[in-house]
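A structural walkthrough
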Amino acid sequence: MTGVLAQLAGLFVVLSLLSVGGGNGVLPDMQRAAVDQYHWLTARQFLDLFAISRATPGPGALIVLLIGFKAAGVIGALVAGISMFAPSCVIVHLAARYWDRAARSAWRELAERALAPVAVGLTLGSGIALIRGTEHDWPAYAVTAGSTLLLTLTELHPMIALAAGAAVLLAVGT
Amino acid sequence: MPTRKTRPPTNPRLRDIFAVFLRMGAMSFGGGMTSWTRREVVERRGWIDDRRFITGVGLSQISPGANGVNIAVYVGTVLHGGLGALVAVLGMLAAPVTVVLLAGGLYFGMNALPQGAWFAAALAGIGAGAIGLNLANGLRLFRRNIRRLGAIAVVVATAASLGLGVPLGWVLVVMIPASLLIAWAERSQA
């Protein structure tokens, strides 16, 4: 038990520090560790928990609570949550005290500009990895493609796209 | 913490900070937290001025962590130091954590029930849709923020390497310096 808690803490502290660009980039590493390395859950369960974390309010990083819960119960959820949120929050808190002073420095503007394309790439790359990491059949591909197109080209609310996805796969009877 | 120049006109109490972020957190479906926080904290309450808020948005984007949570930490810090940050984050996460854990408990308990197959199909549909949401977020950010050739190359290389299974640490170690270099080069071009 203590071993699992240490694994949860070790994994999510590292991922917390690596979660630049909004945090989507950590999903592939998280999936590899939780599914292939530690065998806390199956690939199917990982995608299910991803779905739950997106269909409920709050940041997507809350998926770590469910992974921790599956691995080690309520204590596991607590350890996973604190490990994932505390390091990045402490960094922002400490930086907030000095950030105003750096407000017009040239390097800050450069850093913000340089990070934007990395963040976009991480968001797209995590989507690609999620598709590759689950055994998708064609109705699921169609739902992913449809929701990508709709949410890119229209102002449709994301929750409507998720509900439509559920309706489609229920109707197809996968 | 607030300097003389940017001292907020009203000094919010910790419980007010908690209440505002609790309400936002409970209704934070599908992202968009930054613009919402701005509306509540800058426009409606005047706790922070716009220039300072935009500074915080830059910080929250460049730091690790979810942008919405980072904004909460920044606003809490500016208003009330470390305690303010803690209260803002706890407020923002209180409702989502409860809902996620309830949904997770339901999920892990549901497999045993006869309705499990329906539940699984619905969840697979939500998951497939949510991957689309992820890709769409990336594409919208791309359309809005990425103009120059070098930046496009960084997007493609980052997405491809992460998507094809390169560990995140390696992707960042290579792509962040590369992107800084490219941004610097394209800046001196302009």
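Here is what the cut-offs are and how they apply
Residues numbered from 1 in each chain as written. Chains lettered and ligands numbered in written order. Predicted model: local features only at pLDDT ≥ 70, side-chain atom pairs only at ≥ 80, totals over all residues. Heavy atoms only, no water. Helix = DSSP H or I, 4+ residues; strand = E, 2+ residues; numbered from the N terminus. Rg over C-alpha atoms; globule rule 2.2 N^0.38 Å. Buried < 20%, exposed > 50% of the residue type's maximum accessible area, 1.4 Å probe, protein only. Contact = heavy atoms within 4.5 Å. Domains from an automatic or database assignment. Buried area = accessible area lost by both parts, 1.4 Å probe. Salt bridge = Lys/Arg side-chain N within 4 Å of Asp/Glu carboxyl O. Polar contact = N/O pair within 3.5 Å; in protein donor to acceptor, adjacent residues only side chain to side chain. Nonpolar A, V, L, I, M, F, W, Y, C, P; charged D, E, K, R; others polar. 1 Å grid on protein atoms, 1.4 Å probe; cavity = no way out; pocket = protein on both sides within 12 Å on 5 of 7 lines; lining within 4 Å. Points joined across faces, edges and corners; volume = space filled by probe spheres on them.

**Some thoughts on the overall build of chain B**
For chain B, the count of helices and strands is 7 helices and 0 strands. Listing the helices and strands of chain B from first to last along the sequence gives α-α-α-α-α-α-α. Its C-alpha radius of gyration of 20 Å places chain B more than 25% over the 16 Å reference for a compact globule of 190 residues. Over its C-alpha atoms, taken along the principal directions, chain B stretches across nearly 65 × 50 × 25 Å.

**What to know about the side chain of Thr158 of chain B**
If you trace the backbone, Thr158 of chain B turns up in helix α6 (residues 149-163). Accessibility expressed as a relative area gives 0% for Thr158 of chain B, which makes it buried. Apart from residues lying up to four places away in sequence, Thr158 of chain B is in contact with Val118, Gly121 and Leu122 of chain A together with Val171 and Met175 of chain B.

**Quick look at the domain arrangement of chain A**
Many authors give the size of an interface as the accessible area that is lost as the parts come together. Residue and element names in this part refer to chain A. Per the domain assignment, the segments making up chain A are domain 1 (2-135) and domain 2 (137-174). Across the boundary between the two partners, domain 1 contributes 4 residues, which contact 5 residues of domain 2. The three residues of domain 1 that bury the most area against domain 2 are Arg54, Ala55 and Ile131, which together make up 81% of that side's buried surface. In this structure, the connection of domain 1 to domain 2 is made through 0 salt bridges. Applying the counting rule to domain 1 against domain 2 returns 0 residue pairs in polar contact (both at pLDDT 80 or more). Here the side of domain 1 that touches domain 2 is composed, by residue class, of 2 nonpolar, no polar and 2 charged.

**Notes on the interface of chain B and chain A**
Counting residues at the interface gives 83 residues for chain B and 91 residues for chain A. Buried surface at the junction of chain B and chain A, summed over both partners, amounts to about 7,700 Å²; 75% is from carbon and sulfur atoms. Connecting chain B to chain A are 1 salt bridge. With its nearest N and O atoms 2.8 Å apart, the salt bridge here joins Arg140 of chain B to Glu155 of chain A. Remark: the boundary between chain B and chain A carries 16 residue pairs in polar contact (both at pLDDT 80 or more). Those elements giving two or more residues to the side of chain B that touches chain A turn out to be α1 (14-26), α3 (50-62), α4 (67-110), α5 (116-145), α6 and α7 (168-189) of chain B. A total of 24 residues in the side of chain B that touches chain A trace back to one element, the largest contributor, which is α5 of chain B.

**Observations concerning the side chain of Asn70 of chain B**
Looking at where Asn70 of chain B falls in the secondary structure, it is placed in helix α4. Separated by 3.1 Å, the side chain of Asn70 of chain B and the backbone oxygen of Ser60 of chain B make a polar contact.

**A word on the layout of surface pockets**
In this approach the atoms are scanned with a rolling probe the size of a water molecule, which exposes any empty space left behind. Here the second largest pocket is characterised by a volume of approximately 550 Å³. Forming the boundary of the second largest pocket are 22 residues, of which Ile82 and Phe85 of chain A together with Val89, Leu90 and Leu93 of chain B lie nearest the centre. Elements with a minimum of two residues in the lining of the second largest pocket: α4 (63-99) of chain A together with α4 of chain B. The biggest single contributor to the lining of the second largest pocket is α4 of chain A, with 11 residues.

**Looking at the pattern of salt bridges**
Residues and elements named next belong to chain B. On inspection of all chains with the given rule, the structure shows 10 salt bridges over all chains. The partner of Arg38 in a salt bridge is Asp50, with the nearest N and O atoms 2.9 Å apart. One end of the pair, Arg38, is in helix α2 (residues 33-44); the other, Asp50, is in helix α3, and 12 residues separate them in sequence. Exposure remark for Asp50: the relative accessible area of 29% places this residue in the partly exposed category. Sharing partners across several salt bridges, the network here consists of Arg23, Glu40, Arg44 and Arg45.

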